Structures are given as C-alpha cells and as structure tokens.
Amino acid sequence: MDLTKLTARKIRGMIERGEASAVEICRAFQDRIREQDPEVQAFLHHDNDFALSQAERIDRMKQAGEPLPELAGLPMAIKDNLLIRGLRCTCGSRNLENFVAPYNATVIDRLASAGAVFLGKANLDEYAMGSSTENSAFQPTRNPHSRNHVPGGSSGGSAAAVGAHMAVAALGTDTGGSIRQPASFCGVVGMKPTYSRVSRYGLVAFGSSLDQIGPLAHDVEDVAGILKVISGKDPLDATSLAVDVPDYAGGLGQPIEGLKIGITREYRQSGVSEPVRTRIEAGLKLFQDLGCRLIEVDLPHTDYAIATYYVIAMAEASSNLARYDGVRYGLRIPGQGDLSSMYRETRDAGFGAEVKRRIMLGTFVLSSGYYDAYYLKAQQVRTLIKRDFEAAFQRVDLLISPTSPTPPFRLGEKTSDPLSMYLSDIFTITANLVGIPGISLPCGRTPDGMPVGIQLLGKHFDEPVVLNAAHAFEQAGGFDP
C-alpha cells in the first residue's frame, strides 16, 4: 500500500487500529519528498528529526492507550510565512533567509495540539506577492502535473506538495486568491475562510485587511476537518471573532437540492479561455443535475475589482514591509557607515523586483496629494463591491465561477508582464475585498491534461454551506483530475 496516496481520515484510522505507526507514515512521506521534490521544488526547508519527533509523540499516545487527537499523524506542509518556533521562516525572501521563528503561529499551535506532523516549510512568492511562485528568492516551484508549468501562487509550494502527494494536506494563505488559484492549478481542494474566522497571529503580514489562512487537501472532507481545528477566536488576534465553529466535516452529506447558485454576467464576459469554459459549463450542469437552481446575478462593480484590490494590497504591503529595515532582525547590509545608506542598501539587497514594485506603488498611493485620489477612492469602491455581494446573496445561497480564467501557464510566460499576471486573480480577489469564504474544487482537465478549478463563494461565516455544496459536487463525480 502506498501510504502517501491516503486521505487524512484513512491515515488516522490506520494509526488508531494499529495498522501503521505515525513514524512509519511520516517516513513514507519523507521518502516521497526525497524522490519528488528535487524536480517539483515545493519545499524550501524541512527538519526530518522535528517531524519524526512529532510522529513519535502520537505513537507514544497510542501505546499508552490515550485517545488520539483529530489529526493524529497527519503529515502536512506549512507555507513559509507562518511561524513554527525554532524553524526558519523566510517568506521566500533574502531578507529573512536566516530568520528563526521565536514563537508559534496560533494555527500551528492548534494543529500541533490536534496531532499534525509538520514535514517542512513550503515555497511561496516572496512575502506572498505573486500568482505563480516564480517570485521566490530561492527557487521556482513547478506544477506536479507538468514540470514546465507553474503551480500558481502565492501558495504554490503548499499546493504542489499536496498535488505531488508529498503531503496529505497543507496550510496556505490567501490575500487575493493565493490558496484557491494554486489549488486550481495543482488539481487539489483549497479553501479561504471568512476573514476573522481563523487567527492571523504568527502570519507574516502582506495585506492585513485581506490576508487569511486556510487548508489545502485532496478532498473536501479533509479540508473541512483541518478548517475546524484552526478556526475560532484568538485573544492574540484582535481581528478574529468569537463566532461558533461548527463541525464542518460532520455537516457534510446534506442534500443540496433547491440550493440557489448565482452565476454573474460579469464573470461570463471576463475572457475565460475555451478549455476552462468547457469544464466550468460541465460543472454547472452537474450542479443542475444535483437539483440546484442556477440564477444569473449582477455584480456591477466587478470591472473595478482588480484596480481596487491592487491599490489596497500595495498600500498595505508598503506599510507592513517598512519593518524590514536591517535594524531589528533579518538581513543587514552595513552601507557607507550612515543609517540612511544602511536602510537603502539593506532593502535594495533584501527585496525582489515584484516586492519592490509593490512597495513603490503602495507608497505612492499613500503619499500626500495622492491618498484621496487612489487609496481613499479604492476603499470607497471596496464598499460598493461589498454591497454588490450583499445584494446578490439576498437572491442566492452561493456564487460560482472559474477559479482562474486560464489553465496553468508555462514557467516564464508572464514574468515580464505584471498586469497579465495580476489578471489571473480576476475571479478570486473580490472574496478577499469583501471578506467572504471561498473554495476551489477540481473540475476536470484541459485537452492537454492540465487541471481546471471551479470556485464557490458563500456568505460571511457560511462555510458549512460552501463545504456541503463542494462535497456534493465532489461525491457526484466532481471531475477529479
């Protein structure tokens, strides 16, 4: 039996029944990483002894007759902008190449308490700024279905690790689609929860009003199980809310007949490639066959979403990345002996081209004389976009769209055209602007074999509805790649 092809539920069951040890499972995945990762390059670093020590703890619990926690022995990849005490956290940047985390992110504490095993830190676009994982300062990650194509970004390492069966599941972060788009490109399930559902404490910030942490896995039930573990109020994160956390996995399997799913006219006009359109139309038919009602709705301010998102995201990036000054931690270039040159040379050497572009644009839109024209205006349009969604959700239970307008593109295809790269997030960014939950599901393959994802968006804190509909789609065929 190939242990690396099992779901989280099957792994826990095998450990519970004594059919395999957590250490045996951990080593199987470490062997898989040694075999696959030299080509895929999903991981930036890993500590095998650390992972084995976590697995050994689960085996000791089993031997002592103690009840096993929810995720006992689950081998996971963790995006390298989430802190794990004692391990490096680079954010894919030279600035933090040798930075060792002094504490755990809240999601890491919760996963560890639930028995998860951390195989390693997954690659990402630098500071989570990108849509292809080509902006990493250390290596580009490759799509597990085709080594010549990108895995998406910025959580490309997390998605590729799961897609290549080097991890059962992974954590990613989603600021404008950075869980959902790579999940689509790598043929796995990825979910962005409602903003404030999951604590961001211990996440290295990119866009503080947009960032959210979420799981990636091979099926909806595993995503649901992990999401339950990491969700909930955290006193260390003032933006997290004390909202009841349902048993997401336990609520799956409910009939979805009569569910109203909205299709927006704007999304149907957004330059979706024909191979993607074909698969999405097949997905829509499957939902109809399951008894759902498809209803056309309007989101009239969608045309302004890309501009609005990038003004806000770059402004927040500029503010958050001001802390990388070479003084307190991270890279430090001495400069010419004065403070100004130390700042300048440290930031020049530490940041990559895409991060510099976003810092400069963000600084510009926040600057005196331009704040009202750009940043304030973007926040006003953000409110209009939010109202569009509120109006739509008065008519429907969910919204549906492609996750990305195109299949995975080739490595290097869009690196010289930032605007083209930004447009790959056209269907995902609005969920971050509005703060609603969204999931990407496999919806088959293009004629040349590349995965396509379909996206479901729900109302605030309506994760149970999103997950149940996604699970019904998956169980009915789902076009698993």
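Refer to the structure above for everything that follows.
All right, on to the overall build of the protein chain then. Per the secondary structure count, the protein chain includes 16 helices and 11 strands. For 481 residues, the compact-globule estimate of 2.2 N^0.38 gives 23 Å, and the protein chain sits close to it at 21 Å. Counting only C-alpha atoms, the protein chain reaches 65 × 55 × 45 Å along its principal axes. Long-range pairs, those at least 24 residues apart, make up 75% of the contacts in the protein chain between residues at least 6 apart in sequence. For the protein chain, the computed accessible surface area is about 17,800 Å², with 50% contributed by carbon and sulfur atoms. Of note, the protein chain has its 49 positive side-chain charges centred 2 Å away from the centre of its 55 negative side-chain charges.

This part covers the pairing of strand E7 (residues 260-264). In terms of burial, E7 is a largely internal element, four of the five residues being buried. Two elements, E7 and strand E8 (residues 293-297), share five bridges in a ladder whose sense is parallel. The residue of E8 that forms the bridge with Gly 262 is Ile 295. In this sheet, strand E9 (residues 398-402) lies alongside E7 in parallel orientation, the contact comprising three bridges. From the neighbouring strand, Ile 263 faces E9, where its bridge partner is Ile 400.

Let's shift gears to the packing of aromatic side chains. To describe a pair of aromatic rings, one takes the distance between the centres and the angle between the planes. The tally for this structure, following the rule as stated, stands at 15 aromatic pairs. Consider the rings of Phe 287 and Phe 473, whose centres lie 4.9 Å apart with planes at 20 degrees: the pair is stacked. Residue Phe 287 is located in helix H9 (residues 274-289), and its partner Phe 473 is located in helix H16 (residues 463-475); the two are separated by 186 residues in the primary sequence. The buried category is assigned to Phe 287, whose relative accessible area is 0%. For Phe 473, a relative accessible area of 1% translates into the label buried. Consider the rings of Phe 389 and Phe 393, whose centres lie 6.4 Å apart with planes at 45 degrees: the pair is tilted. Highlighted residues: Phe 389 and Phe 393, both in helix H13 (residues 372-393), separated by four residues, approximately one helical turn. Both residues of the pair, Phe 389 and Phe 393, count as buried. Here the aromatic residues Phe 99, Tyr 127, Tyr 324, Tyr 329 and Phe 351 are joined through ring pairs into a cluster of three or more.

Attention now moves to empty space enclosed by the protein. All chains considered together, the criterion is met by three cavities of 30 Å³ or more. The space that makes up the largest cavity amounts to roughly 130 Å³. As for the largest cavity, its lining consists of Ile 263, Tyr 267, Arg 268, Val 272, Arg 277, Ile 280, Glu 281, Leu 284, Ile 400, Ser 401 and Pro 402. Element by element, the count of residues in the lining of the largest cavity is highest for H9, at four residues. Looking at side-chain class alone, the lining of the largest cavity contains seven nonpolar, one polar and three charged residues. Lining the second largest cavity are Ala 128, Gly 130, Ser 131, Thr 175, Gly 176, Ser 178, Phe 206, Tyr 309, Tyr 310, Arg 358 and Asp 425. Of the residues belonging to the lining of the second largest cavity, the class tally is four nonpolar, five polar and two charged.

Residue Ser 154 follows Gly 153 across a cis peptide bond; omega there is 5 degrees. Along the chain, the position of Ser 154 falls in the loop between strand E3 (117-122) and helix H5 (156-163). A positive phi angle, near 55 degrees, is found at Tyr 127, a position not held by glycine. Here Thr 133, not a glycine, exhibits a phi torsion of approximately 60 degrees, which is positive. In this fold, Thr 133 is placed in the loop between E3 and H5.

Moving on: the packing of helix H4 (residues 106-113) against helix H7 (residues 220-230). Where H4 contacts H7, the axes come no closer than 8 Å and their chain directions differ by 115 degrees. Here the hand of the crossing between H4 and H7 comes out right-handed. Along its contact with H4, which presents Val 107, Arg 110 and Leu 111, the element H7 presents Ile 226, Val 229 and Ile 230.

Right, let's talk about H7 for a bit. Counting buried positions over the 11 residues of H7 gives nine, a clear majority of the element. Among the residues of H7, Val 220, Asp 222, Val 223, Ala 224, Gly 225, Ile 226, Leu 227, Val 229 and Ile 230 are the ones counted as buried. Once H7 ends, the next one or two residues include Gly 232, with phi positive near 120 degrees.

Glancing now at the packing of helix H2 (residues 22-40) against helix H3 (residues 48-63). One can describe the packing of H2 onto H3 by two numbers: an axis separation of 8 Å at closest approach and a directional angle of 155 degrees. Judged by the inter-axis angle, H2 sits roughly antiparallel to H3. Classified by chirality, the crossing of H3 by H2 is right-handed. The segment H2 lies against H3, with Ala 22, Val 23, Cys 26, Arg 27, Gln 30 and Arg 34 engaging Asn 48, Ala 51, Leu 52, Ala 55, Glu 56, Ile 58 and Asp 59. Taken together, the residues that form the contact of H2 with H3 break down as seven nonpolar, two polar and four charged.

Further remarks concern the sheet that holds E7. The strand order E1-E3-E2-E4-E6-E5-E10-E11-E9-E7-E8 describes an open sheet built from 11 strands, whose pairing is mixed. Either end of the sheet is taken by a strand with one partner, and the two such strands are strand E1 (43-45) and E8. Recorded for the sheet is a direction-independent mean angle of 35 degrees between the axes of neighbouring strands. Along the sheet, H7 contacts strand E2 (75-79), strand E4 (169-173), strand E5 (189-192), strand E6 (213-217) and strand E10 (438-445); its crossing angle with E6, the most-contacted strand, is approximately 150 degrees. Across the face of the sheet, H13 comes into contact with E8, E9 and strand E11 (451-457) while running at roughly 115 degrees to E9.

Summed over the entire model, instances satisfying the criterion amount to 19 salt bridges. The closest approach of N and O atoms between Asp 219 and Arg 9, which form a salt bridge, is 3.0 Å. With a gap of 210 residues between them, Asp 219 in the loop between E6 and H7 and Arg 9 in helix H1 (residues 8-17) connect regions that are remote in the sequence. Among the residues examined, Asp 219 registers a relative accessible area of 11% and is labelled buried. Judged by relative accessible area, which is 34%, Arg 9 ranks as partly exposed. Glu 19 serves as the salt-bridge partner of Arg 17, at 2.8 Å between the closest nitrogen and oxygen. Given the relative accessible area of 54%, Arg 17 is considered exposed. Beyond isolated ion pairs, a larger network of salt bridges with shared partners links Arg 9, Asp 219, Glu 221 and Asp 222.

About the thresholds
Residues numbered from 1 in each chain as written. Predicted model: local features only at pLDDT ≥ 70, side-chain atom pairs only at ≥ 80, totals over all residues. Heavy atoms only, no water. Helix = DSSP H or I, 4+ residues; strand = E, 2+ residues; numbered from the N terminus. Rg over C-alpha atoms; globule rule 2.2 N^0.38 Å. Contact = heavy atoms within 4.5 Å. Areas by Shrake-Rupley, 256 points an atom, 1.4 Å probe, with all protein chains shown as cover. Lys, Arg positive; Asp, Glu negative; His and termini not counted. Charge placed at Lys NZ, Arg CZ, Asp CG, Glu CD. Buried < 20%, exposed > 50% of the residue type's maximum accessible area, 1.4 Å probe, protein only. Pairing = 2+ DSSP bridges. Phe/Tyr/Trp six-rings, centres within 6.5 Å; stacked < 30°, edge-to-face > 60°. 1 Å grid on protein atoms, 1.4 Å probe; cavity = no way out; pocket = protein on both sides within 12 Å on 5 of 7 lines; lining within 4 Å. Points joined across faces, edges and corners; volume = space filled by probe spheres on them. Nonpolar A, V, L, I, M, F, W, Y, C, P; charged D, E, K, R; others polar. Axes fitted to C-alpha atoms, helices over the stretch in contact; angles between N-to-C directions. Left-handed = near helix turned anticlockwise from the far one by under 90°. Parallel < 35°, antiparallel > 145°, perpendicular 65-115°, else oblique. Salt bridge = Lys/Arg side-chain N within 4 Å of Asp/Glu carboxyl O.

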